[in-house]
2 protein chains.
Amino acid sequence: MKRKKTKKIFLRNVPIGGDAPVSVQSMTKVPTHDTASVVREIKKLEKEGCDIIRVSVLNRSDAETLKKIVSLSPIPVVADIHFSRELALLAIRQGVDGIRINPGNITRKEDWKIIAEEIQKHGTVLRIGANSGSLPQDRSGKNLSPAERLVASAMEAVDFFEKEGVEKIKISLKSSSVRETIEAYEKISLQTFWPLHVGVTATGTSDAGIIKSSLGIGSLLLKGIGDTIRVSLNDTSLREVRTARLILRSLGLRPFGIEIIACPGCGRSQINILKMAKSVEQNVKGLKKDLKVAVMGCIVNGPGEAEEADIGIAGGKGEAILFKKGKVIKRVKEKDIVKVLISEIKKIQ
Amino acid sequence: MKRKKTKKIFLRNVPIGGDAPVSVQSMTKVPTHDTASVVREIKKLEKEGCDIIRVSVLNRSDAETLKKIVSLSPIPVVADIHFSRELALLAIRQGVDGIRINPGNITRKEDWKIIAEEIQKHGTVLRIGANSGSLPQDRSGKNLSPAERLVASAMEAVDFFEKEGVEKIKISLKSSSVRETIEAYEKISLQTFWPLHVGVTATGTSDAGIIKSSLGIGSLLLKGIGDTIRVSLNDTSLREVRTARLILRSLGLRPFGIEIIACPGCGRSQINILKMAKSVEQNVKGLKKDLKVAVMGCIVNGPGEAEEADIGIAGGKGEAILFKKGKVIKRVKEKDIVKVLISEIKKIQ
């Protein structure tokens, strides 16, 4: 997969676009005026691999805490602004690394102009973030599709801010429909060189949300589209970051700790492979190593997969074979498999 | 997305390929000779939307129960055969709807020939299922990539069985690498008109497994490739089926009960949207209605998303607005939101 070429911009020290690695974003879920909780959440997310954080700005008291949040956050902070020009200006003056405005609810050109001026004074990055749930009326008379309306709405703002001299822009076009999202980003990627922030919005709860995000973000990344991603889940921000990192790892775009290649366990398996894989996963959680570990139930694909992995086991009757880089190291009794595997993983430098 | 045209075959009464809906498969996880447990698992999966079931055949005692399983199973049964020609023949004679053979571990042409003859006597569907973990040695001298080796291994068997007169074939090419899987299926889809069984193998535990399956299966389906899918998870077969159905629903390919469009809940939300969405999800679980329900935390995208949904709520301060097909129905106090929403959902015919 060849990555579509976009202009590289910097959000504080984080590069976005060009040849920069695809960065991971999330959004804090506590009220922004509760600064201590916000900063705690950001630090936790940063440890999990979050590169950029966004915070919502609902009112003046949220906006007024931004300076403090920016100063305490280990990663760049983007203020999420809707409806209000005043809140946008206030956020910029507080020194946020970026602001996101929604062209569907700050719609007047005179507001855009004043925001553009303030951005230029402070060197703020601008994200133009259109959402299918908050699109302006379609006045084109062309009966545009929802994806085309998303593109038209964002591009109108992009053109305006470019002309006003804003030099660091990124764009998002989110819909709760996977196919609409993909269509919109494919279209806009042909029309702009600004980096794209990719995500599906309002994806739903747990598994359904993870599936929709993987489908939308993943198929765009596979087409080379997407410079920074946000998984939005009706779940914790930590799970959003983990899901994003797992998507990038699964596509070979960025490493993310130990990858367990585990077979699904069918009637053929003579060891309890489901329990064993979960136990290995639990035990390696904290380890900062980028390894592939195979946990396979039987000899059908076990040795083959274990060969592709850095280390692995393939189960037999009441025992397993331990592999390292394709070589059989030893036989291990079922009750010792997890213990031995973990100890061998820890030995790998 | 335009579906790639494949030949339609029937597995018992289930059409695969051509214009047939993409069907969902899973595999039982208990030993096959434990017939009662196998049948119980199959019935549970069928209720959840599983169209086809595969059972592993490890030995004679597994094979000898197949006739009974086939007679008690509400959905077509495929016997999963590795290594042994004898088990393949036994399974076919037991009247299974399909058998899967792995050209990586039943490799001799004389075995293929005898299996082909038995298949023709019984009208069995043949799945040729290659796996990256059990590929034969690459004797082409062409230094093939793993994806190319998968294709070459499967196509050699396909050509052979076609020439022997086998009339109902489907093909799978599974790898534990998402990109290898995608590459292999893309290549083979240009070389054959037989329907494709799509899946990623040995995906890993819980979230990681769901993500890899969504990425691999989803991006192929978006390219029009895939006639029947299996999600393999190091988890229950029930979760495999649910994940598969959610992938199909998210891509608009098949309905699957009530879809909840829930926002991720940020600092802007003044109601507890995470808890609320989960509670709605729990309450609608059993309902057999194909609806979109929006559960949105605030007015930014809430009303917009609620408009696209059949019914939904958008939160405010201590209350929410209830929408139906884009029209505001009433205001509801926070404590009553879930109750009122569920009751309105139940009223929809």
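That block above? That's the structure.
Read on for a plain summary of the structure. All of these numbers come straight from a predicted model, not from anything done at the bench. (Residues numbered from 1 in each chain as written. Chains lettered and ligands numbered in written order. Predicted model: local features only at pLDDT ≥ 70, side-chain atom pairs only at ≥ 80, totals over all residues. Heavy atoms only, no water.)

This brings us to the overall build of chain A. Looking only at helices and strands, chain A features 12 helices and 15 strands. Burial status across chain A gives 64% buried among its 349 residues. A total of about 13,400 Å² of accessible surface is found on chain A, and carbon and sulfur atoms cover 50% of it. Of the charged side chains in chain A, 59 are positive and 40 negative; the average position of the first set lies 5 Å away from that of the second. (Helix = DSSP H or I, 4+ residues; strand = E, 2+ residues; numbered from the N terminus. Buried < 20%, exposed > 50% of the residue type's maximum accessible area, 1.4 Å probe, protein only. Areas by Shrake-Rupley, 256 points an atom, 1.4 Å probe, with all protein chains shown as cover. Lys, Arg positive; Asp, Glu negative; His and termini not counted. Charge placed at Lys NZ, Arg CZ, Asp CG, Glu CD.)

Attention now goes to the pairing of strand S8 (residues 169-174) of chain A. Residue and element names in this part refer to chain A. Among the 6 residues of S8, 6 are classified as buried, and the element is accordingly described as predominantly covered. Taking every second residue as pointing to the same face, both faces of S8 are buried, with Ile 169, Ile 171 and Leu 173 on one and Lys 170, Ser 172 and Lys 174 on the other. For the handedness criterion, the β-α-β arrangement of strand S7 (residues 125-131), helix H6 (residues 146-163) and S8 is classed as right-handed. (Right-handed = clockwise from strand over helix to strand, strands pointing away.)

Let us now look at the side chain of Ser 23 of chain A. With respect to the helices and strands, the residue Ser 23 of chain A is situated in strand S3 (residues 23-27). Once residues within four sequence positions are removed from consideration, Ser 23 of chain A is found in contact with Val 14, Ile 16, Asp 51, Ile 52, Asp 227, Thr 228, Ile 229 and Arg 254 of chain A. (Contact = heavy atoms within 4.5 Å.)

Let us look at the relation of the copies chain B and chain A. Once chain B is rotated about the relating axis by 180° and shifted along it by 0.0 Å, it coincides with chain A to within an RMSD of 0.0 Å. Taken together, the rotation and translation relating the two chain copies correspond to the operation of a two-fold axis. Counting the interface residues of chain B, we find that 100% of their copies in chain A are interface residues as well, pointing to one common contact surface. (Least-squares fit on C-alpha atoms with pLDDT ≥ 70 in both.)

On the secondary structure map, Asn 131 of chain A appears in strand S7. For Asn 131 of chain A, a relative accessible area of 4% corresponds to the buried category. Taking C-alpha positions, Asn 131 of chain A is 4.8 Å from Lys 174 of chain A, a pair spaced 43 residues apart along the chain. Ignoring any residue separated from it by four or fewer positions in sequence, one finds Asn 131 of chain A in contact with Arg 100, Leu 150, Lys 174 and Thr 201 of chain A together with Asn 301 of chain B. Here Arg 100 of chain A takes part through its side chain, which lies 2.9 Å from a polar atom of the side chain of Asn 131 of chain A. (Polar contact = N/O pair within 3.5 Å; in protein donor to acceptor, adjacent residues only side chain to side chain.)

Let us now look at the packing of helix H1 (residues 35-47) of chain A against helix H9 (residues 237-250) of chain A. Residues and elements named next belong to chain A. Put simply, H1 and H9 touch, their axes get as near as 10 Å, and they point 20° apart. When the interaxial angle is binned, H1 and H9 end up roughly parallel. The crossing of H1 and H9 is right-handed. Only Ser 237, Leu 238 and Val 241 of H9 make contact with H1, whose side of the interface consists of Glu 41, Lys 44 and Leu 45. Its residues assigned to classes, the contact of H1 with H9 comprises 3 nonpolar, 1 polar and 2 charged. (Axes fitted to C-alpha atoms, helices over the stretch in contact; angles between N-to-C directions. Parallel < 35°, antiparallel > 145°, perpendicular 65-115°, else oblique. Left-handed = near helix turned anticlockwise from the far one by under 90°. Nonpolar A, V, L, I, M, F, W, Y, C, P; charged D, E, K, R; others polar.)

Where interface size is quoted, it is often the accessible area lost as the parts come together. Contacts between the two partners involve 76 residues from chain B, matched on the other side by 76 residues from chain A. Note on chain B versus chain A: buried area summed over both sides is about 6,000 Å², and carbon and sulfur give 56% of it. At the junction of chain B and chain A, the tally comes to 5 salt bridges. Asp 207 of chain A is the partner of Arg 239 of chain B in a salt bridge, and the nearest nitrogen-oxygen pair spans 2.9 Å. (Buried area = accessible area lost by both parts, 1.4 Å probe. Salt bridge = Lys/Arg side-chain N within 4 Å of Asp/Glu carboxyl O.)

Residue and element names in this part refer to chain B. Sheet architecture is open: 8 strands sit in the order S8-S7-S6-S5-S4-S3-S10-S9, paired in parallel fashion. With partners counted over all chains shown, the strands left at the sheet margins are strand S8 (169-174) and strand S9 (197-198), one partner each. Contacting strand S3 (23-27) and strand S10 (228-230), helix H9 (residues 237-250) runs over the sheet at an angle of about 160° to S3. (Pairing = 2+ DSSP bridges.)

In terms of nonpolar packing, the biggest core is built from 166 residues, with Ile 99, Phe 161 and Leu 173 of chain A together with Ile 99, Phe 161 and Leu 173 of chain B touching the most fellow members. If sequence neighbours within four positions are ignored, Phe 161 of chain B has contacts with Ile 101, Trp 112, Ile 115, Ala 116, Leu 126, Ile 128, Val 166 and Ile 169 of chain B. (Core = buried A, V, L, I, M, F, W, Y, C linked by side-chain atoms within 4.5 Å.)

Let's shift gears to the packing of aromatic side chains. Summed over the entire model, instances satisfying the criterion amount to 8 aromatic pairs over all chains. Considering the side-chain rings of Phe 193 of chain A and Trp 194 of chain A, the 5.1 Å spacing of their centres and the 35° angle between planes classify their relative orientation as tilted. Take Phe 193 of chain A: its relative accessible area is 43%, and that puts it in the partly exposed class. Where Trp 112 of chain B meets Phe 160 of chain B, the ring centres are 5.5 Å apart and the plane angle is 70°; that geometry is what we call edge-to-face. (Phe/Tyr/Trp six-rings, centres within 6.5 Å; stacked < 30°, edge-to-face > 60°.)

Here we take up unusual backbone geometry. Excluding glycine, residues mostly carry a negative phi; peptide bonds, for their part, are mostly trans. All names here are of chain A. Non-glycine residue Asn 143 carries a positive phi angle of around 55°. Secondary-structure assignment places Asn 143 in the loop between S7 and H6. For Asn 143, a relative accessible area of 71% puts it in the exposed group. We note that Ala 202 has phi near 45°; this positive angle belongs to a residue other than glycine. As for its placement among the helices and strands, Ala 202 is situated in the loop between strand S9 (197-198) and helix H8 (206-222).

Time to look at helix H10 (residues 273-284) of chain A. Residues and elements named next belong to chain A. With 12 residues, H10 extends 16 Å from end C-alpha to end C-alpha; this agrees with the ideal 16 Å at 1.5 Å per step. Where H10 is concerned, the buried positions are Ile 273, Met 276, Ala 277, Val 280 and Val 284. One side of H10 carries all its buried residues, which in axial view fall inside an arc of 95°. H10 presents Lys 275 and Gln 282 as exposed residues on the side facing more than 90 degrees away from its buried surface. (Expected span 1.5 Å × (residues − 1). Arc of directions from axis to C-beta.)

A few words on the pattern of salt bridges. Residues and elements named next belong to chain B. In this structure the tally under the stated criterion is 63 salt bridges over all chains. Here Lys 109 makes a salt bridge to Glu 156, at a shortest N to O gap of 2.8 Å. Of this pair, Lys 109 sits in helix H5 (residues 109-122) while Glu 156 sits in helix H6 (residues 146-163); the two residues are 47 residues apart in sequence, bridging distant segments of the chain. A relative accessible area of 36% places Lys 109 in the partly exposed class. Where Lys 223 meets Glu 186, a salt bridge forms, and the shortest distance between an N and an O atom there is 3.0 Å.

This part is about the sheet that holds strand S12 (residues 292-296) of chain A. All names here are of chain A. Reading across the sheet, the 5 strands line up as S11-S12-S13-S14-S15 and stay open at both edges, with mixed pairing between neighbours. In this open sheet, the two strands that pair with only one neighbour each are strand S11 (259-262) and strand S15 (327-333). With strand direction ignored, the average angle separating the axes of adjacent strands in the sheet is 20°. The sheet contact formed by strand S14 (residues 319-324) and S15 spans 6 bridges and is antiparallel.

Looking now at the packing of H8 of chain A against H9 of chain A. Residue and element names in this part refer to chain A. Running from N to C, H8 and H9 cross one another at 40°; their axes reach a closest spacing of 10 Å. Looking at the two axes, H8 sits oblique to H9. Two packed elements cross with a definite hand, and for H8 against H9 that hand is right-handed. Where H8 approaches H9, its residues Ser 206, Asp 207, Ile 210, Ser 213, Ser 214, Ile 217 and Leu 221 are matched on the opposing element by Arg 239, Thr 243, Ile 247 and Leu 248. Tallied by class, the residues present in the contact of H8 with H9 amount to 5 nonpolar, 4 polar and 2 charged.

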